[in-house]
Amino acid sequence: GWYELSLTLESLRAIRQKLAVPFDVMASMCTPGVLRWARAADASEQQVADLHRRVTEGWRMELPWEDVTGHPLTGAYRPPFEHQRVMASVSCTLDGTAYLCGMGTGKTRSALESVRYLKTSGRLANVLWVCPKGVMGTAEREMKMWTPGQRSMRLVEMPVKERERLLKTLTADSGVTAIINYDVLYLLQDTIVELAKRSRLGVVFDEC
C-alpha cells in the first residue's frame, strides 16, 4: 500500500510516534532530500520559537528609526510605535515575514527600516520593492522620509527594455532599492532571476 502525506514536521513526528521508533531509525527510512528538508524545517521552527520568546521578554532590535520631515503640524520627531518595532525586529531576524496588519498601521516604515538594516549588515545587496503603480510615488517618498541616504530608483513610465537595462546595472555593491509595479513583474522575471543569482536580492511585496 502507498500513502501520500503532506510533508510537514507534524506528519513526520506522527509517523515516528506511530511506528514507535527512535530518531536514528526514522532517519534511516527517509530519503536524503527529506532529511535535509526536515533538518532545515526544524532549525527554522526553533528560530521562530526563540524569537517569540525574546520578543515576549521585551527584546527589540536597535534600529535608527529616523524621521526627516517630522510631524506635519509641529515638526516634532515621530518615534515608531511598539508594534512597528516588533515587526521590524522580526523581519530583520527571519527570512520571509509577512506584515498582516491593516491600512495605516505603519507597515511601510517597518519594512523600510528592515531593508536598511539588511543592506547595511551585508545580508542583502539590492532590494526589489514591488507595489501597485499608484503606490510607487508614495513608496519612494516614504523611503526619503524614513530612511534617508538609501539609494532607490523608480522604474516606471519607461519601456520594459529600459527597466531591464537598469536592473542589469545593479551589482553586489549597489545597495539599491528598485521600485517596480506588479503589472510588469512577469515581463521582468528573467532579469530579476538573473539579478538574484549574482547578488543577494531581497523582495518586498507591498500591498500584496
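Residues numbered from 1 in each chain as written. Predicted model: local features only at pLDDT ≥ 70, side-chain atom pairs only at ≥ 80, totals over all residues. Heavy atoms only, no water.

### Here we look at the overall build of the protein
Move 1: The helix and strand inventory of the protein stands at eight helices and four strands.
Move 2: Each helix (α) and strand (β) of the protein, taken in turn from the N terminus, gives the series α-α-α-α-α-β-α-β-α-β-α-β.
Move 3: Since a compact globule built from 208 residues should have a radius of gyration of about 17 Å, the 21 Å found for the protein marks it as more spread out than a globular shape.
Move 4: Once the C-alpha set of the protein is aligned to its principal axes, its extents read approximately 65 × 45 × 30 Å.
Move 5: Across the 208 residues that make up the protein, the buried fraction comes to 38%.
Move 6: Taking the contacts inside the protein whose residues are at least 6 apart along the sequence as the reference set, 67% of them involve residues at least 24 apart.
Move 7: Accessible area of the protein: about 12800 Å², with a carbon and sulfur share of 58%.
Move 8: Charge centroids of the protein, computed over 27 positive and 24 negative side chains, lie 2 Å from each other. (Helix = DSSP H or I, 4+ residues; strand = E, 2+ residues; numbered from the N terminus. Rg over C-alpha atoms; globule rule 2.2 N^0.38 Å. Buried < 20%, exposed > 50% of the residue type's maximum accessible area, 1.4 Å probe, protein only. Contact = heavy atoms within 4.5 Å. Areas by Shrake-Rupley, 256 points an atom, 1.4 Å probe, with all protein chains shown as cover. Lys, Arg positive; Asp, Glu negative; His and termini not counted. Charge placed at Lys NZ, Arg CZ, Asp CG, Glu CD.)

### Considerations on the pairing of strand 1 (residues 126-131)
Move 1: For strand 1, the buried fraction is high: six of the six residues fall into the buried class.
Move 2: Burial of strand 1 is two-sided: the residues Asn126, Leu128 and Val130 facing one way and the residues Val127, Trp129 and Cys131 facing the other way are all buried.
Move 3: Where strand 1 lies against strand 4 (residues 201-205), five bridges are found, and the strand directions are parallel. Across the sheet, Val130 pairs through a bridge with Phe205, a residue of strand 4.
Move 4: Note: strand 1 against strand 3 (residues 176-181), five bridges, orientation parallel. Pairing of Val127 across the sheet is with Thr177, part of strand 3. (Pairing = 2+ DSSP bridges.)

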